[in-house]
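Spelled out, the chains give:
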Amino acid sequence: MKTAVVKTRSDVIGAAAALAHDLGLPLIELPDSNEPKSVAGFDYLFAFDATRLILHSARAEQPGELCVDFADDKLKQRAGSSMRNQNIAKAIGVKGSTRPTVLDATAGLGKDAFLLASLGCEVTLLERSVLLHALLANGLSRAEYYGADTAAILSRMSLQQGEFLQFEAQPGQFDVVYLDPMFPQRRKSAKVKKDMALLQQLLGHQSDGAELLDHALQLARKRVVVKRGKLSAQLGTLKPDIEFKGSSSRYDVYLRV
């Protein structure tokens, strides 16, 4: 995947040059009239819109863009007062005053981690993609722009980069290990949303699901929670102890003795 960082007029603090240096990516300066997506020879392009970092797909056959923005209205609405009644909260084990510590081992765009942190959980986000990690780091760094309530949620989230199967932690360090591996290839012809299609393009379809579950079971103190498509097969051969099913997804819960 050929990726570059684009310097635009919106980059008012020189963040593009710093990002290119940190990630070892080429820095491209465009004429003011050019859009980041118009650069040929690259698959993905990073560009700053003021302080927001956006990843643009430069592939004509798969347009789209990704940005981690914890001020998103839909995300904040979902993290509202009814959050405790949602399946993700039940699956994690939020009950009464209990707030488990969580390792989100497949962080993606950080939406589920944000929901768990909004419940009061301390959440460690682990992301294997260097590109997604950069987006997450930018989203978390903008806490002062979101307001006090959102900043308080973000203070319970910490970020690391790396592969989960190589992730070293003390057994029992986390009450819960949360897994949301990419869903398998879709057999239906219905189009995936642009952001999800781009996310799948970046991460691919994981074939090591059973290994992920085995490793998670070694690390979790209380339970492992796996998010799946409603009709998707479970990871590995171990049967979940509990299932929480929704309209499009389900949460498989594996309890630790």
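See above for the structure.
Sequence order sets the numbering: in each chain, residues are counted from 1 along the sequence as written. Thresholds applied to this predicted model are a pLDDT of at least 70 for local features of residues and 80 or more for the giving and counting of side-chain atom pairs; totals over whole chains, interfaces and linings are not thresholded and use all residues. Values shown for side chains rest on all heavy atoms present in the structure; no hydrogens or waters enter the calculation.

### Some remarks on the pattern of salt bridges
Any carboxyl oxygen of Asp or Glu within 4 Å of a side-chain nitrogen of Lys or Arg constitutes a salt bridge here. For the coordinates displayed, the defined rule picks out 7 salt bridges. A salt bridge links K227 to D112; its shortest N-O distance comes to 3.4 Å. Pair noted here: K227 is in strand β10 (residues 220–229) and D112 is in helix α4 (residues 111–118), with a separation of 115 residues, a long-range link. Comparing K227 with D112 shows no difference in burial state: the two are buried. Residues R250 and D252 are paired through a salt bridge, measuring 2.8 Å at the closest nitrogen-oxygen approach. Grouping residues by exposure puts R250 and D252 together as buried. Salt bridges linked by common partners bring D49, R52, D69 and R142 together as one network. Elements are defined by DSSP. Helices are runs of H or I of four residues or more, strands are runs of E of two residues or more, and each kind is numbered from the N terminus. Each residue gets one of three labels from its accessible area relative to the maximum for its type: buried under 20%, exposed over 50%, partly exposed in between, using a 1.4 Å probe on protein chains only.

### With respect to the sheet that holds β10
Strand order in the open sheet made by the 7 strands is β8-β7-β6-β9-β10-β12-β11, with mixed pairing throughout. Pairing within the sheet leaves two strands with one partner each, and these edge strands are β8 (157–161) and β11 (242–245). The average angle at which neighbouring strand axes cross in this sheet is 20 degrees, direction not considered. In short, DSSP must find at least two bridges between two strands for them to pair. Strand direction decides the pairing type here: strand β6 (residues 102–104) and strand β7 (residues 123–127), joined by 3 bridges, are parallel. For L103, the partnering residue across the bridge sits in β7 and is T124. Helix axes use the C-alpha atoms of the stretch in contact, all axes being lines fitted to C-alpha atoms, and the angles between their N-to-C directions lie in the range 0 to 180 degrees.

### Comments concerning the sheet that holds strand β2 (residues 27–29)
Read from one edge to the other, the open sheet built from 5 strands follows the order β2-β1-β3-β4-β5, with strand pairing classed as mixed. Where the open sheet ends on each side, the last strands, each with one partner, are β2 and β5 (65–66). The sheet contact formed by strand β3 (residues 44–49) and strand β4 (residues 52–57) spans 6 bridges and is antiparallel. Each bridged residue has a counterpart across the sheet, and for A47 the counterpart in β4 is I54. Pairs of residues are marked as contacts when any of their non-hydrogen atoms sit within 4.5 Å. Along the sheet, helix α5 (residues 130–141) makes contact with β1 (3–7), β3, β4 and β5, crossing β4 at roughly 155 degrees.

### Topic: the packing of aromatic side chains
For Phe, Tyr and Trp, rings pair up if their centres lie within 6.5 Å, where Trp contributes its six-membered ring, and each pair is then called stacked (planes under 30 degrees apart), edge-to-face (over 60) or tilted (otherwise). Evaluation of the coordinates by the stated rule reveals 2 aromatic pairs. Where F70 meets F114, the ring centres are 5.4 Å apart and the plane angle is 15 degrees; that geometry is what we call stacked. Residue F70 is found in the loop between β5 and α2 (73–78), and its partner F114 is found in helix α4; the two are separated by 44 residues along the sequence. Residue classification places F70 among the buried residues on the basis of a relative accessible area of 1%. For F114, a relative accessible area of 1% gives the class buried.

### Quick word on α5
Each turn of an α-helix holds 3.6 residues, which means side chains three or four residues apart point in the same direction. Taking 1.5 Å as the rise per residue, α5 with 12 residues should run 16 Å; its terminal C-alpha atoms sit 16 Å apart, in good agreement. Listed in full, the buried residues belonging to α5 are L131, L132, A134, L135, L136, N138, G139 and L140. Pairs of N or O atoms within 3.5 Å make up the polar contacts considered here, provided that, within protein, one atom can donate a hydrogen while the other can accept it, and that residues adjacent in sequence are counted only when both atoms are side-chain atoms. If you check the start of α5, you find a side-chain oxygen 3.3 Å away from the backbone N of L131, and it comes from S129. In this scheme, a helix's expected span is set at 1.5 Å multiplied by one less than its residue total.

### A word on unusual backbone geometry
What you tend to see is this: most non-glycine residues have negative phi, and most peptide bonds are trans. Although it is not a glycine, A50 sits at a positive phi angle of roughly 60 degrees. Tracing the backbone through its elements, the reader meets A50 in the loop between β3 and β4.

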